[in-house]
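Here is what each chain is made of, one letter per residue.
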Amino acid sequence: MALPQILKDFNLFGDGNSWQGQIQTITLPELARRMVEFEAGGMDGPIEVDMGNQLMEMTWTPGGLLVDGLFDTYGSPIHDAAQLRFTGSYESDEDGTVMPVEIVVRGRHKTIGMGEAQKGDNSTGEITTTISYYKLTIDGEVVIERDIPGNVFMVRGEDRLADRRAALGT
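Please read all numbers here as calculations on a predicted model, not as lab measurements.

A. Representation of the overall build of the protein. Of the regular secondary structure elements, the protein holds one helix and 12 strands. Listing the helices and strands of the protein from first to last along the sequence gives β-β-β-β-β-β-β-β-β-β-β-β-α. In terms of overall dimensions, the protein is more spread out than a globule: its C-alpha atoms have a radius of gyration of 19 Å, far above the 15 Å expected for 170 residues. Burial statistics for the protein: of 170 residues in total, 32% are counted as buried. The long-range share in the protein, meaning contacts at least 24 apart out of those at least 6 apart in sequence, stands at 59%. Accessible surface, the protein as shown: approximately 10,400 Å² in total, 50% of it carbon and sulfur.

In structure tokens form, the structure reads like this:
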């Protein structure tokens, strides 16, 4: 019987600040493609045509008052002003091996929910960050890297947009 590798611990860094012990939950970005239906004469039905990546977001919840440096990039006119780095320690309960996972994103803080404040209660906020750059590294291997403005989409070292960039002369 095989057991999954379980996230045993994690940390979140924001623009170089370590928020160790301050972030309660993270909803990691979903990898999703934007698909549209296409049907033409001579086809027995529609197929979905891949039109590229969907907008990505990452939502995270700090405990207590919001974390150091959070507001520094809020409202920036630059699409990738905020950088977040998630580091996770996934561990096997079969043999005890630890597999590091790192997700680096750049984007903008879309919402900063200040949460509910109550005396003596653990108040939490919720931050949603939209993403223009994403890199997933598992056990030292870059698995996915996408740079939307740079028109780069890499999967395990394969540049899936190289031919398109060449056709555009970029």
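B. The arrangement of the packing of aromatic side chains in detail. Taken as a whole and judged by the stated rule, the model has two aromatic pairs. Ring plane angle 20° and centroid distance 5.1 Å describe the contact between Trp19 and Trp60, whose orientation is recorded as stacked. With Trp19 in the loop between β2 (17–18) and β3 (23–27) and Trp60 in strand β6 (residues 56–62), the pair connects residues that are 41 residues apart, well separated along the chain. Trp60 matches Trp19 in its accessibility class, with the two residues each being buried. The ring of Phe13 carries Arg85 above its face, with NZ or CZ at 4.2 Å from the centroid. We note Arg106 situated over the ring of Tyr133; from NZ or CZ to the ring centre the distance is 4.0 Å.

C. Seen up close, the pattern of salt bridges. Evaluated as defined, the whole model comprises eight salt bridges. Of the charged contacts, one joins Asp50 and Arg33 as a salt bridge, the two residues approaching to 2.9 Å between their closest N and O atoms. Residue Asp50 is found in strand β5 (residues 47–53), and its partner Arg33 is found in strand β4 (residues 33–38); the two are separated by 17 residues along the sequence. Residue Asp50 is classed as partly exposed on the basis of its relative accessible area of 34%. Note that Arg85 and Glu102 form a salt bridge whose closest N and O atoms lie 2.9 Å from each other. Within this pair, whereas Arg85 is found in strand β7 (residues 82–92), its partner Glu102 is found in strand β8 (residues 98–113), the two being separated by 17 residues in sequence. According to the relative accessible area criterion, Glu102 is partly exposed, its value standing at 23%.

D. Quick peek at a negative patch on the surface. Side chains of Glu37, Glu39, Asp44 and Glu48 sit close together on the surface and give a patch of like negative charge. Inspection of the secondary structure assignment puts Glu39 in the loop between β4 and β5.

E. Structural detail: the side chain of Arg165. On the secondary structure map, Arg165 appears in helix α1 (residues 162–168). With a relative accessible area of 16%, Arg165 lands in the buried category.

F. Just the nonpolar core, in detail. Core analysis: the biggest nonpolar cluster contains 26 residues, and Leu12, Met58, Trp60 and Tyr134 have the highest contact counts within it. Not counting residues within four places of it along the chain, the set of residues in contact with Tyr134 comprises Pro29, Leu31, Met56, Ile103, Val104, Val105, Ile144, Glu145 and Arg146.

G. Spatial organisation of the environment of Ala2. Looking at the element boundaries, Ala2 is found in the segment before β1 (5–14). By relative accessible area, Ala2 is classed as exposed at 66%. Taking the C-alpha atoms as reference points, Ala2 and Ser92, 90 residues apart in sequence, are found 9.5 Å from one another.

H. The arrangement of the pairing of β1 in detail. Across nine bridges, the pairing between β1 and β7 is antiparallel. Looking at the pairing, Phe10 lines up with Gly88 of β7. The hairpin formed by β1 and β2 contains two residues between the paired strands, and Asp15 there has a positive phi angle of roughly 50°.

About the thresholds
Throughout this document, residue positions are counted from 1 along each chain, in the order its sequence is written. Local features in this predicted model are restricted to residues whose pLDDT is 70 or higher, and side-chain atom pairs enter the listing and the counts only when it is 80 or higher, whereas totals over whole chains, interfaces and linings include all residues. Just so you know, side-chain values use all the structure's heavy atoms and leave hydrogens and water out. Working definition: helices are DSSP H or I runs of at least four residues, strands are E runs of at least two. Numbering for both runs from the N terminus. The globule rule used for comparison is 2.2 Å times the number of residues to the exponent 0.38, while the radius of gyration itself is calculated over C-alpha atoms. When accessible area is computed with a 1.4 Å probe and restricted to protein chains, residues below 20% of their type maximum are described as buried, those above 50% as exposed, and intermediate ones as partly exposed. Contacts are residue-level and defined by heavy atoms, with any inter-residue pair within 4.5 Å sufficient. The method behind every accessible area is Shrake-Rupley, applied with a 1.4 Å probe, and residues are considered shielded solely by the protein chains displayed. Each Phe, Tyr or Trp ring, with Trp reduced to its six-membered ring, pairs with another whose centre is within 6.5 Å; inter-plane angles below 30 degrees give stacked pairs, above 60 give edge-to-face pairs, and intermediate values give tilted ones. Two thresholds decide whether a charge sits over a ring: the Lys NZ or Arg CZ must be within 6 Å of the ring centre and within 35 degrees of the ring normal. Put simply, a salt bridge is a Lys or Arg side-chain nitrogen that is within 4 Å of an Asp or Glu carboxyl oxygen. Without a salt bridge and with relative accessible area above 30%, a residue can belong to a patch; like charges are then joined within 9 Å and nonpolar side chains (Val, Leu, Ile, Met, Phe, Trp, Tyr) within 5 Å. Under the convention used here, Asp and Glu are negative, Lys and Arg are positive, and both His and the chain ends fall outside the count. For the purpose of locating charges, the reference atoms are NZ of Lys, CZ of Arg, CG of Asp and CD of Glu. Remark: nonpolar core denotes a set of buried residues (Ala, Val, Leu, Ile, Met, Phe, Trp, Tyr, Cys) joined through side-chain atoms within 4.5 Å. Here a strand pair is declared whenever DSSP counts at least two bridges between the two strands.

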